[in-house]
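# Architecture at a glance
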Amino acid sequence: MQWRSLLLGLLLLRLGLHALLALLPALAPGLCVRRRLPFPFPFPPRAPAPGRGSEAPPGRALWVPAALWGSRPRPGGEGAAAGEGEGGGGGGEDEYEARYSGAFPPQLRARLRDAARGMFAFGYDSYMRHAFPSDELDPLHCCGRGPDRDDPTNLNINDVLGNYSLTLIDALDTLAVMGNSSEFQKAVKLVIDTVSFDKDSTVQVFEATIRVLGSLLSAHIIITDTKQPFGDMTIKDYDNELLHMAHDLAVRLLPAFENTKTGIPYPRVNLKKGVPPNSNNETCTAGAGSLLVEFGILSRLLGDSTFEWVARRAVKALWSLRSNNTGLLGNVVNIQTGHWVGKQSGLGAGSDSFYEYLLKSYILFGEQEDLEMFNDAYRNIQNHLRRGREACNEGEGDPPLYVNVNMFTGQLMNTWIDSLQAFFPGLQVLIGDVEDAICLHAFYYAIWKRYGALPERYNWQLQAPDVPFYPLRPELVESTYLLYQATKNPFYLHVGMDILQSLEKYTKAKCGYATLHHVVEKTKEDRMESFFLSETCKYLYLLFDEDNPVHKSGNKYMFTTEGHIVSVDERFRNSLWQDILPGEEDRAEKVKPNELKAVNFSSNCNRVPDERRYLLPLKSNYMRQIDRMVGLI
């Protein structure tokens, strides 16, 4: 009976402590903490604990982050306090420090640069040999792929493939960035001579814009650059043909913006006939709101406001529909009624590039309103989507993570995140929030280490993929590259090496690189999407090519959401139509060139002290915590 009395006493003591903790907010209502960010954002509250989650996979304990689900203890008593566990108390070098810290040999870096170039060359040459003039390469059967004419409802294919040699167009500026002037010139001539947009193809406006229109504009800018930083990329007797092709394509996309009551465009358009009859009136936020960079560049190169006007009108229409309560946007909207069909607010599919292009439009065009919208959006993201401890590299609690919530209430909607969200650390680098970017990047890298790829959708509660395929996406590589540029920390070269080796080991096929059908089983699908050449290979190459003109020429560059490179210069910050852009009558203020640099470039990178350049960007105990979170240890 004595042990029972003791147990009862301990239980009563624990209940008393819980009651005291519950009273603390009432006793000290003014107590709050704030995150060290460019804006004074209050630290978001913990999400309320929902009902029971799913069963854990056989043989694996279920790890549930306390800040996401409440105060449930973790299996095995694993803690999250600073200094907890091995390697957290400042003792001897642990396995993380041994693997990642210290200088990265220049000879190894040169070999990896050449390996990334070889990866691109194998994919590109295989496409040209086995698939051109088709849109994509089937790397397992060594043949080409175009639109699925037999099944118009196959949107996974038909949204992207328009029967216009997509992969060749998408790869143009990668050839230039890698210094291959002869192949770049040959490819440009092929595009000019063989590609036409007068096709009976129904494509997604967003995909045609970022993959095709963006690449044509990027290549045109490279060809006409008087400095020619990448080598001689000029084309003999070039008469702005790529710009004319971009104009032709954009005109064919314009019907999507007509007959819509909100100004938000239809998601799809037939390049020859316009918007198809009985078209879907629902579109995603990213698809409708991520057209401004390409359309704006085109308008400013042509001196024609039409394209920027319709794209900017769509952005403002979406912005006007955000929740009055949270300031968040959903992910699917009806273009006629403005009603939110999809109420999920997150950073992944359906939303991602909307936020990206608010900032990048400001960087490129200098319109103050774009920055104001981005600042407001970022503040709301921090307030409602971010969970975990206040600081990335200090304190107690779960690692920072951005979750999917209801746009009206801010309540957690599900327990998965998708691979597209891995772009967000790179965007945080551009605004100088490097410390937070480090933590989120580490989470996605831990998933990559576990599977050798990023599953399309990962369930952080079950520690398992919800959607297990990996289509060679670039987002983690992009963030790795931008974090390296910001910190110059060799850790990110190790990350890039891991990614490159995984791609070679698991995705290389007979005639290129193939989508992974299942990241656990490593089975392949017969598809090599065009962004593998335009983005994944490009960012890997630039990560290891320290002397690339992108880094050394003195020019300022920005990457579109499809990884196409555009110069940031004065001509894109000048427009002649301020009086006719929607809502611009009183907003003529522009960012000055020296102010622009403070937003996007190296001045913000100094937030990471020099003495940390050769240390781990994230303390080893926090790395270990994230590895536990994804089931690595």
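Above this note sits the structure.
The text that follows walks through the structure, step by step, so that each part is easy to find. (Residues numbered from 1 in each chain as written. Predicted model: local features only at pLDDT ≥ 70, side-chain atom pairs only at ≥ 80, totals over all residues. Heavy atoms only, no water.)

Right, let's talk about unusual backbone geometry for a bit. Glycine aside, a negative phi is what most residues show, and trans is what most peptide bonds show. In this structure, the amide linkage connecting phenylalanine 132 to the following residue, proline 133, adopts the cis form with an omega of 10°. By the element assignment, proline 133 lies in the loop between α4 (106–130) and β1 (136–138). We note that serine 165 has phi near 50°; this positive angle belongs to a residue other than glycine. Taking relative accessible area as the criterion, serine 165 reaches 4% and is therefore assigned buried. (Helix = DSSP H or I, 4+ residues; strand = E, 2+ residues; numbered from the N terminus. Buried < 20%, exposed > 50% of the residue type's maximum accessible area, 1.4 Å probe, protein only.)

What follows concerns the state of the cysteines. For the structure shown, the criterion picks out 2 disulfides. Across a sulfur-sulfur distance of 1.8 Å, cysteine 142 and cysteine 511 are joined as a disulfide pair. An S-S torsion of about 80° defines the bridge between cysteine 142 and cysteine 511 as right-handed. Placement of the pair is cysteine 142 in the loop between β1 and β2 (143–145) and cysteine 511 in the loop between β15 (508–509) and β16 (512–513), with a sequence separation of 369 residues. Taken in sequence order, the bonded cysteines of the chain link in the pattern 1-4, 2-3. (Disulfide = S-S within 2.5 Å.)

Let us now look at the side chain of threonine 283. Along the chain, the position of threonine 283 falls in strand β5 (residues 282–284). The residues contacting threonine 283, other than those within four sequence positions of it, are Ile264, Pro265, Pro267, Ala288, Asn331, Val332, Val333 and Ile335. (Contact = heavy atoms within 4.5 Å.)

Our focus in this paragraph is the nonpolar core. The biggest cluster of nonpolar side chains holds 174 residues, and the ones touching the most others in it are Phe184 and Phe443. Looking at this core, the element that brings in the most residues is helix α17 (residues 434–451), giving 13 residues. In this view, phenylalanine 443 contacts Leu401, Ile417, Tyr458, Trp460, Ile626, Met629 and Val630; residues no more than four positions away in its chain are not counted. (Core = buried A, V, L, I, M, F, W, Y, C linked by side-chain atoms within 4.5 Å.)

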